[in-house]
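# Coordinate inspection notes
Residue-level listing of the chains:
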Amino acid sequence: MIQSHDSVIVRTMSRILIPLMQLFAFYVLFFGQYGPGGGFVGGVMLGTSIILGILVFGPEASSYRLAQKVIHGDGVGLLIFAGVGGLCLIGGGEFLNYSSLEIPWVDSDAQRRSLGIVMTQVGVAVDIAVTAISIVLSLSLIEDREETNV
Amino acid sequence: MTLTFEILMLVLLIVTAAGAILVKDLIGAVLILGTYSFLLALVWAWLGAVDVAFVEAVVGAGLATLFFLLTLFGTALKDTRIQRPAPPLLAVLGLPILGLLLLYAAEDFPAFRDPGSQASVHVSPEYLKNSLEQTETTNVVTSVLMDYRAFDTLIETAVIFTAGIACTLLLRRNRE
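Residues numbered from 1 in each chain as written. Chains lettered and ligands numbered in written order. Predicted model: local features only at pLDDT ≥ 70, side-chain atom pairs only at ≥ 80, totals over all residues. Heavy atoms only, no water.

Right, let's talk about the packing of helix α5 (residues 109-139) of chain A against helix α6 (residues 124-135) of chain B for a bit. Viewed as axis vectors pointing N to C, α5(A) and α6(B) meet at an angle of 95°, and their least axial separation amounts to 6 Å. In terms of axis orientation, α5(A) runs roughly perpendicular to α6(B). Of the residues in α6(B), those in contact with Asp109(A), Ala110(A), Arg113(A), Ser114(A) and Ile117(A) of α5(A) are Glu133(B), Gln134(B) and Thr135(B). Here the residues of the contact of α5(A) with α6(B) sort into two nonpolar, three polar and three charged. (Axes fitted to C-alpha atoms, helices over the stretch in contact; angles between N-to-C directions. Helix = DSSP H or I, 4+ residues; strand = E, 2+ residues; numbered from the N terminus. Parallel < 35°, antiparallel > 145°, perpendicular 65-115°, else oblique. Contact = heavy atoms within 4.5 Å. Nonpolar A, V, L, I, M, F, W, Y, C, P; charged D, E, K, R; others polar.)

Structure below.
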């Protein structure tokens, strides 16, 4: 079902738009502490940019191969999130209490919490992006299966 | 206080919601549903919930529309029933009564932006006061989601992970 798009306009616009989308996704992800956004929106936008690459450039494109590699990492985001909580346990505090994170060059509790928020947001973003790509790849298999059955 | 924007938004929301149900071309229905999400995002932004508006615009109008479209390409593009079945009597009678009950209950809500309402006096003042000092995060929504209520967010992330796994298991079941 997934094949490259014929239109020159769509391909050219996607070539321009995909890097911008990814840049904006990272901006939203890391700027979520100071403005609207955060891990959830950043992850969705990151996943959507790769999905756009899949839908426009088809299975031969690099983003398709990247996506097929990426979906094996489903659960890594959750692991990052829970791992930060585990690091807090190792540091001697409660689960997900970022003030007990052991980070050598940080000396105030507020900065530790701030860094903990950034790390967990990265975890959420990875989880969401990988899940979105995985669902799209699974959905795109529906028609292939019917064709092979007929 | 002017209500023009709210009334316009509500009318457009109702029109797009009804259109998404009534349109026979299913791709059109999905796109109208995306429009509905965009309008809803505008309403959230108007009410001051910018983070919710952002998520609604990106997920509701972007990603959900894409999922619906991909599902349609795998199934059927048109609703081919000539006549739709009539809605059950319970729905025709019950839903207006339910709406009236909700309107009746809405009278007891605190006024919009009321500083003395229950929701504004319990824990949210603590978050608003201490967020910058304790977490160096100016966006209180982020600090509540990721620090004060991080456990809830962890479980939500687990839910999304489960959804992805379930989709993969269901849709790739028969694949070699």
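Continuing now.
Of the residues lining the interface, 49 residues belong to chain A; the matching set on chain B comes to 40 residues. Here chain A and chain B share an interface that buries about 4100 Å² over both sides, 72% of which is from carbon and sulfur atoms. Linking chain A with chain B are zero salt bridges. Remark: the boundary between chain A and chain B carries 10 residue pairs in polar contact (both at pLDDT 80 or more). Of all the secondary structure elements, the ones that give two or more residues to the side of chain A that touches chain B are α1 (8-31), α2 (39-57), α4 (76-90), α5 and α6 (141-149) of chain A. Examining the composition of the side of chain A that touches chain B, we find that 19 residues originate from one element, α5(A), more than from any other. Here the residues of the side of chain A that touches chain B sort into 29 nonpolar, 13 polar and seven charged. (Buried area = accessible area lost by both parts, 1.4 Å probe. Salt bridge = Lys/Arg side-chain N within 4 Å of Asp/Glu carboxyl O. Polar contact = N/O pair within 3.5 Å; in protein donor to acceptor, adjacent residues only side chain to side chain.)

On the secondary structure map, Ser49(A) appears in helix α2. The residues contacting Ser49(A), other than those within four sequence positions of it, are Ile18(A), Met21(A) and Gln22(A).

Residue and element names in this part refer to chain A. For the coordinates displayed, the defined rule picks out one salt bridge over all chains. Measuring nitrogen to oxygen at the nearest pair gives 2.8 Å for the salt bridge that ties Arg112 to Asp109. Here Arg112 and its partner Asp109 are both found in helix α5, three residues apart, which amounts to about one turn of the helix. The exposure class of Asp109 is partly exposed, given its relative accessible area of 38%. (Buried < 20%, exposed > 50% of the residue type's maximum accessible area, 1.4 Å probe, protein only.)

Counting residues in hydrophobic clusters, the biggest one holds 41 residues, and the most contacted among them are Ile51(A), Tyr98(A), Ile133(A), Leu137(A) and Leu63(B). Mapped by element, the contributors of at least two residues to this core are α1, α2, α3 (62-70), α4 and α5 of chain A together with α3 (50-74) and α8 (150-171) of chain B. With 10 residues, the top contributor of residues to this core is α5(A). Core analysis: the second largest hydrophobic core is formed by five residues, Met9(B), Leu13(B), Leu39(B) and Leu40(B) among them. (Core = buried A, V, L, I, M, F, W, Y, C linked by side-chain atoms within 4.5 Å.)

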